[in-house]
Amino acid sequence: QVQLVESGGGLVQAGGSLRLSCAASGRSFSNYAMGWFRQAPGKERELVAGISWSGGSTYYADSVKGRFTIARDSAKNTVYLQMNSLKPEDTAVYYCAAASALSVITTLYDYWGQGTQVTVSS
């Protein structure tokens, strides 16, 4: 029902910033909670930021709180992840995902993008 395409990843030095975008298409996009996950080699996929369908509730992992900001623009069918003060440990493939409700549980997300690589150099 929802197709997601991430963009905006790349190589950045520690302390730098990147803005990831997730373009969505399909039925009832605005009714989905959206999350940004990341997965580094050898590690489990983790939710780093999420936003409710209304945009009224957000979630941030402790590791990114204060540095990352999630936002959605329903008119543009796009979800953003602004990443500031990037650290080498932020290096991962970042995925956009959609769920019926905001959750930290990966399996509750029904739709996933292809991922975009973020690499933060020391």
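Rules used throughout
- Residues numbered from 1 in each chain as written.
- Predicted model: local features only at pLDDT ≥ 70, side-chain atom pairs only at ≥ 80, totals over all residues.
- Heavy atoms only, no water.
- Helix = DSSP H or I, 4+ residues; strand = E, 2+ residues; numbered from the N terminus.
- Rg over C-alpha atoms; globule rule 2.2 N^0.38 Å.
- Buried < 20%, exposed > 50% of the residue type's maximum accessible area, 1.4 Å probe, protein only.
- Areas by Shrake-Rupley, 256 points an atom, 1.4 Å probe, with all protein chains shown as cover.
- Lys, Arg positive; Asp, Glu negative; His and termini not counted.
- Charge placed at Lys NZ, Arg CZ, Asp CG, Glu CD.
- Salt bridge = Lys/Arg side-chain N within 4 Å of Asp/Glu carboxyl O.
- Phe/Tyr/Trp six-rings, centres within 6.5 Å; stacked < 30°, edge-to-face > 60°.
- Pairing = 2+ DSSP bridges.
- Contact = heavy atoms within 4.5 Å.

Trainee: Could you give an account of the overall build of the protein, with specific residues and numbers?
Mentor: Within the protein, the regular secondary structure consists of zero helices and eleven strands. When the helices and strands of the protein are placed in sequence order, the string is β-β-β-β-β-β-β-β-β-β-β. Expected size for 122 residues packed as a compact globule is a radius of gyration near 14 Å; at 13 Å, the protein falls within 12% of this value. Taken along its principal axes, the extent of the C-alpha atoms in the protein is 40 × 25 × 25 Å. Across the 122 residues that make up the protein, the buried fraction comes to 44%. As displayed, the protein offers around 6000 Å² of accessible surface, 49% of which is attributable to carbon and sulfur atoms. Considering the protein, the positive charge centre built from 10 side chains and the negative charge centre built from 8 side chains are found 5 Å apart.

Trainee: Before we move on, could you go through the pattern of salt bridges and cite the residues and values that matter?
Mentor: Enumeration according to the criterion identifies four salt bridges in this entry. Of the charged contacts, one joins Asp90 and Arg38 as a salt bridge, the two residues approaching to 2.8 Å between their closest N and O atoms. With Asp90 in the loop between β8 (78-83) and β9 (92-99) and Arg38 in strand β4 (residues 33-39), this residue pair connects regions lying 52 residues apart in the sequence. Arg38 shares its class with Asp90; the two are buried. Via salt bridges that share partners, Arg38, Glu46, Arg67 and Asp90 belong to a single interconnected network.

Trainee: Which residues make up the packing of aromatic side chains, and what values do they have?
Mentor: Under the criterion given, the structure shown has five aromatic pairs. Here the aromatic rings of Phe37 and Tyr109 are separated by 4.8 Å at their centres, their planes lie at 85 degrees, and the arrangement is edge-to-face. Within this pair, whereas Phe37 is found in strand β4, its partner Tyr109 is found in strand β10 (residues 109-112), the two being separated by 72 residues in sequence. Like Phe37, the residue Tyr109 is buried in the burial classification. Ring centres 4.8 Å apart and planes at 50 degrees place the aromatic pair Phe37 and Trp112 in the tilted group.

Trainee: Pulling in residues and values, what's your account of the pairing of strand β11 (residues 116-121)?
Mentor: Taking every second residue as pointing to the same face, the buried face of β11 carries Thr116, Val118 and Val120, while none of Gln117, Thr119 and Ser121 on the other face is buried. Bridge analysis of strand β2 (residues 10-13) against β11 gives four bridges, and the strand direction is parallel. Residue pairing across strands places Gly10 opposite Val118, the latter belonging to β11.

Trainee: Kindly report on the environment of Phe37, identifying the contributing residues and their values.
Mentor: Here Phe37 falls in the buried class, since its relative accessible area comes to 0%. Sequence-wise, Phe37 and Val12 are 25 residues apart; in three dimensions their C-alpha atoms are separated by 19 Å. Excluding anything up to four places from it in sequence, Phe37 contacts Arg45, Glu46, Leu47, Val48, Val93, Tyr94, Tyr95, Ala97, Thr106, Tyr109 and Trp112.

Trainee: Got a sec to walk through unusual backbone geometry? Specific residues and values, please.
Mentor: You will see that Asn77, though not glycine, has its phi angle at about 55 degrees, which is positive. Non-glycine residue Ser85 carries a positive phi angle of around 50 degrees. On the accessibility criterion, Ser85 (40% relative accessible area) is partly exposed.

Read these as layout, nothing more, since geometry by itself doesn't imply function.
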